[in-house]
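A structural walkthrough
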Amino acid sequence: MFFYKFTTKFQRLENLITQTIIIAMAVRQLEKGEMIPYDLLLLADPDRKLLEQYLINSWIFVLEQIETIMGVCVLQNIDNQIVEIKNIAIDENYQNKGFGKFLLENTFEIAKTKGFEKIRIGTANSSIGQIYLYQKMGFDMKEIRKNFFVENYENSIFEHNLQAKHMIVFEKNL
Ligand code: ACO
């Protein structure tokens, strides 16, 4: 049927466009002396003091498209086998377009290349979308750090009318 053929052709075109966009993007490590994208990092972690502390011992990666930084991901090793995503964020103008998934997939490859066997990520009980996304990307719930956000953050955090109290830690085999 014409309609069916048209839809198939359209889907192929859409796939081609998506692939072309993805080819034009790259994830790379931020070099010493380059500007740290705090505006993005603060989207994922509103406490600048805590952020500064873990950045000291972390690798910072950026998702870049033609010199525009669209996302950031911060990795820190827990031990020789396990690495943690301390912070991941996509610029608000580019959210919900699949870039978060793309950045996570690339981060898994980077962590594997560095020799890690497992990757962890923690998020708040109130971060409903993130809890969904991480499980969709193969993470499994490992532990709950009760009252983590209440005890470690100066200001209360609310999302979806829920207080961020506990940290849910997810882990994935690489
Ligand atoms: N609410 C509901 N669903 C969501 C949300 C959300 N907040 N975020 C992602 N999803 C879902 C999408 O609907 C999509 O589902 P689908 O594949 O079934 O269609 C899937 O997750 C993937 O979505 P992407 O478009 O790849 O996600 P995006 O590019 O928006 O990146 C991210 C996700 C990084 C969480 C981004 O929304 C963001 O930067 N948010 C603000 C900062 C933040 O919360 N960072 C994580 C904090 S935890 C930490 O940093 C360790």
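Read on for an overview of the structure. (Residues numbered from 1 in each chain as written. Predicted model: local features only at pLDDT ≥ 70, side-chain atom pairs only at ≥ 80, totals over all residues.)

Notes on the overall build of the protein chain
In plain terms, the rule: Numbering of helices and strands runs from the N terminus; a helix is a DSSP stretch of H or I covering at least four residues, while a strand is a stretch of E covering at least two. The contact rule is simple: place each C-beta atom from the backbone, and if two of them lie within 7 Å, those residues are in contact.
Looking only at helices and strands, the protein chain features six helices and nine strands. Look at the contacts in the protein chain between residues 6 or more apart in sequence, and 65% of them connect residues 24 or more apart.

A look at the nonpolar core
For clarity, the cut-off: By definition, a nonpolar core groups buried Ala, Val, Leu, Ile, Met, Phe, Trp, Tyr and Cys residues that are joined through C-beta atoms within 7 Å. Burial is judged by counting other C-beta atoms within 10 Å of a residue's own C-beta: 20 or more means buried, 12 or fewer means exposed, and anything between counts as partly exposed, with every C-beta placed from the backbone.
Grouped together as the largest cluster of nonpolar side chains are 25 residues, with contacts concentrated most on Val72, Cys73, Leu75, Ile85, Ala89 and Leu103. Going through the elements one at a time, α2 (38–44), β2 (59–65), β3 (68–77), β4 (82–90), α4 (99–113), β5 (118–124) and β9 (167–173) are the ones with two or more residues in this core. Once residues within four sequence positions are removed from consideration, Leu75 is found in contact with Ser58, Trp59, Phe61, Val83, Ile85, Thr107 and Ala111.

Quick look at the site of the ligand
Test applied: Each residue gets a C-beta atom placed from its backbone. If that atom is within 6 Å of a molecule or strand, the residue is near it. Residue polarity is assigned by list, with Asp, Glu, Lys and Arg as charged and Ala, Val, Leu, Ile, Met, Phe, Trp, Tyr, Cys and Pro as nonpolar; anything else, Gly included, falls into the polar class.
Around the ligand, a shell composed of 22 residues is seen, among which Ala44, Gln95, Gly100, Lys101 and Gly129 lie nearest. If you list the elements that add at least two residues to the shell around the ligand, you get α2, β4, α4, β5 and α5 (128–136). Of all the elements, β4 adds the most residues to the shell around the ligand, at five residues. For the shell around the ligand, the residue count by class is 10 nonpolar, 10 polar and two charged.

Section: the environment of Asn155
Mapped onto the elements of the fold, Asn155 is located in the loop between α6 (148–152) and β7 (158–159). With 109 residues separating them along the chain, Asn155 and Pro46 place their C-alpha atoms 9.1 Å apart.

Describing α4
Spelled out, the test is: How far a helix is expected to stretch is found by multiplying one less than its residue total by 1.5 Å. Each C-beta atom gives one direction from the helix axis, and the arc is the one those directions make.
The first and last C-alpha atoms of α4 sit 21 Å apart over 15 residues, in line with the 21 Å expected at 1.5 Å per residue. Among all positions of α4, only Gly100, Leu103, Leu104, Thr107 and Ala111 are buried. Buried residues in α4, looked at end-on, bunch into an arc of 100°, giving them a common side. Facing away from the buried surface of α4 by more than 90 degrees, the exposed residues are Glu109 and Thr113.

Observations regarding the pairing of β5
Condition: Following DSSP output, two strands are said to pair if at least two bridges run between them.
For β5, a buried count of five out of seven residues is recorded, marking the element as mostly surrounded by other parts of the structure. When β4 meets β5, the two strands line up parallel, connected through four bridges. Bridged to Ile85 within β5 is Ile121. Pairing analysis gives seven bridges linking β5 to β9, with the strands arranged antiparallel.

Considering unusual backbone geometry
A positive phi is found at Ile66, a non-glycine position, where the angle reads about 40°. Inspection of the secondary structure assignment puts Ile66 in the loop between β2 and β3. Since 7 C-beta atoms lie within 10 Å of it, Ile66 is described here as exposed. Phi is positive for Asn161, which is not a glycine, with a value near 60°. Of the residues examined, Asn161 has 6 C-beta atoms within 10 Å and is grouped as exposed.

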